[in-house]
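Structure assessment
Single-letter residue listing:
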Amino acid sequence: MSLLSRIAAPTARHDVARLVAALLAEHPGVRPEGPEPAGPKPPGVRPEGPAKRPAKRSALPTGPTGLGTSAARITGRRKDVEGPGVPELYCPPALRDDPALAEEVNARLLAWAEEIGLYAGRLDRVRAADFGRLMMLAHPDTDDPDRLLAAGKCALAEWATDDYYCDDETMGSAPALLGAHLGIAYAAIDPAHPPLRYVPAVEQAMQDDPVRTALRSGFAHMARYADSSQLARLNHEVAVLFVGYGQEGSWRSQGRMPAVWEYLAHRQINSFVPCVAMTDMVGGYVLPAAEYADPRVRRAVTMASTAATLVNDLYSMAKEHRSDSVEFNLPTVLAAEEGCTPREAVERSAAIHDELVRTFETEAAALAVTGSPQLRRFLAGVWAWLGGNRAWHSGSPRYTSTTSAPS
């Protein structure tokens with residue numbers, strides 16, 4: 001079997017999970033299980049393609065909940081999957097699984113990538129990775145394929161920036177060119193405004209590179225659903241992400257393994273924060289800028305995003321071990337610093353993931369009590385994102401296959 005095999009994560013039992021169920025049940029993207037009602041179709045059925053079956057939700061079990069009860073929820077030794085794979089993780093379940101919606105979003109995403117020349121010659125591997133499924137799993141409070149497509153375009157463009165510029169030698173990445181590439185790429189989402197005589201050169205630079213084209217096209221699509229404060233938030237998070245790419249590029253150019261503390265700080269900025277930041281944009285509401293910027297909210301969101309990115313670390317180990325350059329994931333960094341075995345490093349990485357998730361669980365529950373309705377829904381969406389992200393990583397050939405997914 002492959003190095004990284006599927007896992008069945010334990011269901012987290014907590015107040016936030018109950019909040020997710022209550023909040024998302026009010027929106028058409030998540031419906032109760034049961035037969036399709038007779039008569040006219042309810043609002044929310046997609047205009048294109050056949051009517052969708054009701055999305056299924058994972059059951060949220062009962063048990064001790066609330067602040068101070070986390071120790072009673074999951075006890076005993078961490079169960080391991082067969083072989084040297086990913087351990088069981090403390091993570092919520094995915095709140096729905098709608099393969100038809102995932103397939104529709106994935107097909108549209110692939111058509112867009114082909115149109116702009118992104119991953120030319122590798123689209124079969126992008127198709128197998130099934131980014132449409134990630135969007136379906138991670139954003140269960142909408143079943144609008146166009147909103148999910150907008151998020152998918154932005155996410156795939158960010159992944160392509162990493163693949164083309166930062167860590168995939170087969171796609172032309174070169175540490176010496178990383179800063180120059182990222183600087184121009186950022187102008188694709190936050191446009192440069194040079195004197196008129198230089199505008200044609202800037203425009204040509206945007207059109208000559210598929211990554212820049214993807215960033216500009218994807219973020220323009222999201223602008224249909226986001227207000228100016230949300231777009232400013234997203235631009236900021238991508239700028240921070242690019243700082244993280246540059247930091248990793250410096251390690252590569254030096255052939256240096258970072259310290260664990262340094263790597264974890266890096267993983268907070270080189271993370272899924274830009275994807276998580278789109279939660280309200282995809283859901284069709286606006287989290288006020290002041291609440292998103294609240295240090296307590298920022299702490300909760302970044303910890304959740306770091307945990308989600310450590311899931312990526314655990315699942316991407318096989319892909320990264322096939323690279324000829326210095327590669328970075330938390331187990332590798334832990335093993336180098338602490339002199340432990342690879343298996344022990346994986347276990348310690350999983351424990352760090354679990355600590356972050358439990359901390360988010362506690363702090364988000366407290367914020368939900370005092371925050372606005374939009375903040376409660378946003379925190380519920382972040383929690384749902386964690387579950388969808390883990391479910392996608394456990395099955396995507398991008399991480400579980402040695403040949404069929406983009407590097």
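Residues numbered from 1 in each chain as written. Predicted model: local features only at pLDDT ≥ 70, side-chain atom pairs only at ≥ 80, totals over all residues. Heavy atoms only, no water.

1. Notes on the overall build of the chain
We count it as follows: Only runs of H or I of at least four residues qualify as helices and only runs of E of at least two qualify as strands under DSSP, and these elements are numbered from the N terminus. Burial classification: accessible surface area is computed with a 1.4 Å probe over protein chains only, and a residue below 20% of its type maximum counts as buried, one above 50% as exposed, and the rest as partly exposed. Accessible surface area values rest on a Shrake-Rupley calculation with a 1.4 Å probe, where residue burial reflects the displayed protein chains alone.
Tallying secondary structure elements over the chain gives 18 helices and zero strands in all. Out of the 407 residues in the chain, the part that is buried amounts to 55%. Just so you have it, the chain exposes about 16700 Å², and 56% of that area is on carbon and sulfur atoms.

2. Concerning the side chain of Thr-279
The condition that has to hold: Definition of a polar contact: a pair of N or O atoms within 3.5 Å, with one able to donate and the other able to accept a hydrogen when the atoms are protein atoms, and with sequence-neighbouring residues admitted only if both atoms are side-chain atoms. Any two residues whose heavy atoms approach within 4.5 Å at even a single point are treated as in contact.
Locating Thr-279 in the fold gives a position in helix α12 (residues 279-283). Looking at Thr-279, its side chain comes within polar contact range of the main-chain oxygen of Val-276, at 2.6 Å. Excluding its chain neighbours within four sequence positions, the residues that come into contact with Thr-279 are His-139, Tyr-285, Phe-378, Gly-381, Val-382 and Trp-385.

3. Brief notes about the environment of Ile-269
Within the secondary structure, Ile-269 is located in helix α10 (residues 260-269). Ile-269 sits in the partly exposed class, given a relative accessible area of 23%.

4. Focus on the packing of aromatic side chains
The line we're drawing: Working definition: a ring pair exists when centres of Phe, Tyr or Trp rings (six-membered ring for Trp) sit within 6.5 Å. Plane angles under 30 degrees give stacked, over 60 give edge-to-face, the rest tilted. We call a charge positioned over a ring when the NZ of a Lys or the CZ of an Arg lies within 6 Å of the ring centre and within 35 degrees of the ring normal.
Going through the model one piece at a time under the given rule, you end up with 12 aromatic pairs. Centroid distance Trp-251 to Tyr-263: 6.4 Å. Interplanar angle 35°. Geometry classified as tilted. On the criterion of sequence distance, the pair formed by Trp-251 in helix α9 (residues 228-254) and Tyr-263 in helix α10 is long-range, its members being 12 residues apart. Aromatic ring contacts, followed pair by pair, group Phe-131, Trp-159, Phe-272, Trp-385 and Trp-392 into a single cluster. Of note, Arg-358 hangs over the ring of Tyr-90, and the distance from its end group to the ring centre comes to 4.0 Å.

5. Overview of the nonpolar core
Keep this limit in mind: Nonpolar cores were defined as sets of buried Ala, Val, Leu, Ile, Met, Phe, Trp, Tyr and Cys residues, with membership established by side-chain atoms within 4.5 Å.
In this structure, Leu-118, Tyr-119, Leu-156, Leu-215, Met-222, Met-278 and Phe-360 are the most contacted members of the largest nonpolar core, which totals 96 residues. No other element matches the 13 residues that helix α5 (residues 145-167) contributes to this core. Every residue in contact with Leu-156, bar those within four places of it in the chain, is listed here: Leu-109, Trp-112, Ala-113, Leu-118, Tyr-119, Val-126 and Phe-131. Ranked by size, the runner-up nonpolar core spans eight residues in total, among them Val-311, Leu-314, Tyr-315 and Val-346.

6. A closer look at unusual backbone geometry
Backbone geometry at Tyr-119 places phi at a positive 55°, although glycine is not the residue there. Within the element layout of this structure, Tyr-119 appears in the loop between α2 (99-116) and α3 (123-129). Its identity is not glycine, yet Asp-130 carries a phi of approximately 60°, on the positive side. For Asp-130, the position within the fold is in the loop between α3 and α4 (131-138).

7. Describing α4
Given 3.6 residues per turn, any residue in an α-helix points the same way as the ones three and four places further on. Taken across its eight residues, α4 has seven buried, putting it largely inside the fold. Residues of α4 that are buried: Phe-131, Gly-132, Leu-134, Met-135, Met-136, Leu-137 and Ala-138.

8. A short note on the packing of α4 against helix α17 (residues 373-395)
Quick note on the threshold: Here the axes come from fitting lines to C-alpha atoms, over the contacting stretch only for helices, and the angles between their N-to-C directions go from 0 to 180 degrees. It is the rotation of the near helix from the far one that decides the hand of a crossing: anticlockwise by less than a right angle makes it left-handed, clockwise makes it right-handed. Only Asp, Glu, Lys and Arg are considered charged, only Ala, Val, Leu, Ile, Met, Phe, Trp, Tyr, Cys and Pro nonpolar, and every remaining residue, Gly among them, polar.
Contact geometry for α4 and α17: axes closest at 7 Å, N-to-C directions at 145°. Considering only the axes of α4 and α17, their crossing is right-handed. On α17, the residues touching Phe-131, Arg-133, Leu-134, Leu-137 and Ala-138 of α4 are Gly-381, Ala-384, Trp-385, Gly-388, Asn-389, Ala-391 and Trp-392. Residues that form the contact of α4 with α17 fall into these classes: eight nonpolar, three polar and one charged.

9. Observations regarding the environment of Ala-365
Of note, Ala-365 is situated in helix α16 (residues 342-370). The sequence separation of Ala-365 and Arg-376 amounts to 11 residues, and the corresponding C-alpha distance is 8.8 Å.

10. Details of the confidence of the model for the chain
Operational definition: Values of pLDDT, which run from 0 to 100, indicate the predictor's confidence residue by residue.
Taken residue by residue, the chain gives an average pLDDT of 81. The fraction at 70 or more is 74%. In this model residues 27-84 is a low-confidence stretch, pLDDT under 50, and it forms 113 contacts with partners more than four residues away in sequence or in other chains. Within the model, pLDDT remains below 50 along residues 402-407, and this stretch shows 21 contacts once partners closer than five positions in the same chain are excluded.

11. Thoughts on the state of the cysteines
Stated formally: By convention in this document, the label disulfide applies to cysteine sulfur atom pairs within 2.5 Å.
For the structure on display, the rule yields zero disulfides. Between Cys-154, a free cysteine, and Cys-275, which holds the nearest cysteine sulfur, the sulfur-to-sulfur gap is 8.4 Å.

12. Things to note about the packing of α16 against α17
Going by this rule: By definition in this entry, angles of less than 35 degrees are roughly parallel, angles greater than 145 are roughly antiparallel, angles of 65 to 115 are roughly perpendicular, and the rest are oblique.
Contact pair α16 / α17: the axes reach a minimum separation of 9 Å and the direction vectors enclose 160°. By the angle between their axes, α16 is roughly antiparallel relative to α17. In the crossing of α16 with α17, the sense of the turn from one axis to the other is left-handed. Contacts between α16 and α17 pair Val-357, Phe-360, Glu-361, Ala-364, Leu-367 and Ala-368 from the former with Leu-375, Arg-376, Leu-379, Val-382, Trp-383 and Leu-386 from the latter.

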